[in-house]
Amino acid sequence: MAGKSAAIPSTYSPSPAPRTKRPIFQDVDWVRPDGRGFHQCRPAFLKTGAVNAAAGSAYAEFGNTKVIVSVFGPRESKKAMAYSGTGRLNCNVSFTTFATPIRGQGSDHKGYSSMLHKALEGAIIMESFPKTTVDVFALVLESGGSDLPVVISCASLALADAGIMMYDLVASVSVSCLGKNLVIDPILEEENYQDGSLLITCMPSRNEVTQLTVNGEWSTPRVHEAMQICLEACSKLAKITRSCLKESASAPKD
């Protein structure tokens, strides 16, 4: 690996945009900036085989949020480790310098990397690749909101494309609380003004949640409502993911 240089790093961690104007979300009859209903997700485009050099890869586009994930392995771990009946999962999430209008500095997004690992490890059959490592590299090409859920869902598709054994595909969706309203799959502008957020990652076929993250102040009924909205959306997203895999498997090989 090349040593560190004084040049500007090629990746960075995005930061919220400053609030420069009164948000429309304070109005009584406001509509979402992209015209969607409060419980309507953005159109999803998924594709496998985005990176030829990887064991598996996927590209995801949800509105203006664009993500590419590459999976390498299973391969022998570079770190010395005692024999284990289970494998090792490494996750890394980074952003391109042009991902958002705000330019920042830094390299990988450690918070997102950790959350991606937690979201995936419960779905992967780690015993299927003992004493070896699977590396998952996610790159956010454009940050348009709900970045982490898109990264997680895209990573699940990439793992399946790599032939990694899993209990089920993973789908992830988030909800933002804006005043009295819950909006699913928020865009960047909505996230900048949210009062709270809830993210769920689950295995829809098994009806199991692998990760639940809640930020802000929520009442118990509100949490239950948000969870139900997310779970229903995850189920629909999983169907789209499966369709993508079936199309990939049936496509003629060059």
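Residues numbered from 1 in each chain as written. Predicted model: local features only at pLDDT ≥ 70, side-chain atom pairs only at ≥ 80, totals over all residues. Heavy atoms only, no water.

### Comments concerning the environment of Ser 77
Part 1: Topologically, Ser 77 is positioned in the loop between strand E3 (65–76) and strand E4 (88–95).
Part 2: Judged by its relative accessible area of 15%, Ser 77 falls in the buried class.
Part 3: Once the C-alpha coordinates of Ser 77 and Lys 131 are considered, the two residues, 54 residues apart in sequence, prove to be 7.2 Å apart.
Part 4: Not counting residues within four places of it along the chain, the set of residues in contact with Ser 77 comprises Arg 88, Lys 131 and Thr 133. (Helix = DSSP H or I, 4+ residues; strand = E, 2+ residues; numbered from the N terminus. Buried < 20%, exposed > 50% of the residue type's maximum accessible area, 1.4 Å probe, protein only. Contact = heavy atoms within 4.5 Å.)

### Brief notes about the state of the cysteines
Part 1: One pass over the full model with this rule turns up zero disulfides.
Part 2: With no disulfide partner, Cys 230 has as its closest neighbouring cysteine sulfur the one in Cys 234, 6.3 Å distant.
Part 3: Taking the relative accessible area as the measure of exposure, Cys 230 reaches 0% and is therefore buried. (Disulfide = S-S within 2.5 Å.)

### Some thoughts on the sheet that holds strand E1 (residues 44–48)
Part 1: Read across the sheet, five strands follow the order E1-E2-E3-E5-E4 without closing on themselves; strand pairing throughout is mixed. Looking at the sheet topology across the chains shown, the edges are occupied by E1 and E4. Put simply, the sheet's adjacent strands are angled 15 degrees from each other on average, direction ignored.
Part 2: In this sheet, strand E5 (residues 132–142) lies alongside E3 in antiparallel orientation, the contact comprising nine bridges. (Pairing = 2+ DSSP bridges. Axes fitted to C-alpha atoms, helices over the stretch in contact; angles between N-to-C directions.)

### Section: the packing of helix H2 (residues 147–161) against helix H4 (residues 220–250)
Part 1: For the pair H2 and H4, the least separation of the axes is 11 Å and the interaxial angle reads 30 degrees. It follows from the interaxial angle that H2 and H4 lie roughly parallel. As for how H2 packs across H4, the hand of that crossing is right-handed. Residues Ser 153, Leu 157, Ala 160 and Asp 161 of H2 touch H4, and the partners they reach there are Leu 237, Thr 241, Cys 244, Leu 245 and Ser 248.
Part 2: Of the residues belonging to the contact of H2 with H4, the class tally is five nonpolar, three polar and one charged. (Parallel < 35°, antiparallel > 145°, perpendicular 65-115°, else oblique. Left-handed = near helix turned anticlockwise from the far one by under 90°. Nonpolar A, V, L, I, M, F, W, Y, C, P; charged D, E, K, R; others polar.)

### Focus on the pattern of salt bridges
Side chains that carry opposite charge are capable of pairing whenever their charged atoms lie near each other.
Part 1: Applying the stated rule across the entire model yields nine salt bridges.
Part 2: Here Glu 190 ties to Arg 32 by a salt bridge, and the two come within 2.8 Å at their closest N and O atoms. Taken together, the residues Glu 190 in helix H3 (residues 188–192) and Arg 32 in the segment before E1 connect sequence positions 158 residues apart.
Part 3: When its relative accessible area of 2% is taken as the criterion, Arg 32 is described as buried.
Part 4: The residue Glu 225 makes a salt bridge to Arg 222 at a minimum N-O spacing of 3.6 Å. Residue Glu 225 and its partner Arg 222 are both found in helix H4; the two are separated by three residues, about one turn of the helix.
Part 5: The exposure class of Glu 225 is partly exposed, given its relative accessible area of 35%. (Salt bridge = Lys/Arg side-chain N within 4 Å of Asp/Glu carboxyl O.)

### Quick look at the side chain of Thr 132
Part 1: Position of Thr 132 among the secondary structure elements: in strand E5.
Part 2: In this structure Thr 132 comes out as buried when scored by relative accessible area, which is 18%.
Part 3: A distance of 2.7 Å separates a polar atom in the side chain of Thr 132 from the backbone oxygen of Phe 129.
Part 4: Ignoring any residue separated from it by four or fewer positions in sequence, one finds Thr 132 in contact with Pro 74, Arg 75, Glu 76, Gly 87 and Arg 88. (Polar contact = N/O pair within 3.5 Å; in protein donor to acceptor, adjacent residues only side chain to side chain.)

### Points about the nonpolar core
Part 1: Among the nonpolar cores identified, the biggest contains 56 residues, and Leu 116, Ile 124, Val 136 and Leu 159 are the most heavily contacted of them.
Part 2: The leading source of residues in this core is H2, at nine residues.
Part 3: Residue contacts for Leu 116: discarding those within four places in its chain leaves Cys 91, Val 93, Val 136, Val 151, Ile 152 and Ala 155. (Core = buried A, V, L, I, M, F, W, Y, C linked by side-chain atoms within 4.5 Å.)

### A short note on the pairing of strand E6 (residues 171–178)
Part 1: Taking burial as the measure, the eight residues of E6 include eight buried ones, the bulk of the element.
Part 2: Across the two faces of E6 the burial is the same, with Ala 171, Val 173, Val 175 and Cys 177 and Ser 172, Ser 174, Ser 176 and Leu 178 all buried.
Part 3: Note: E6 against strand E8 (residues 196–203), seven bridges, orientation antiparallel. Bridge assignment links Val 175 to a residue of E8, and that residue is Leu 198.

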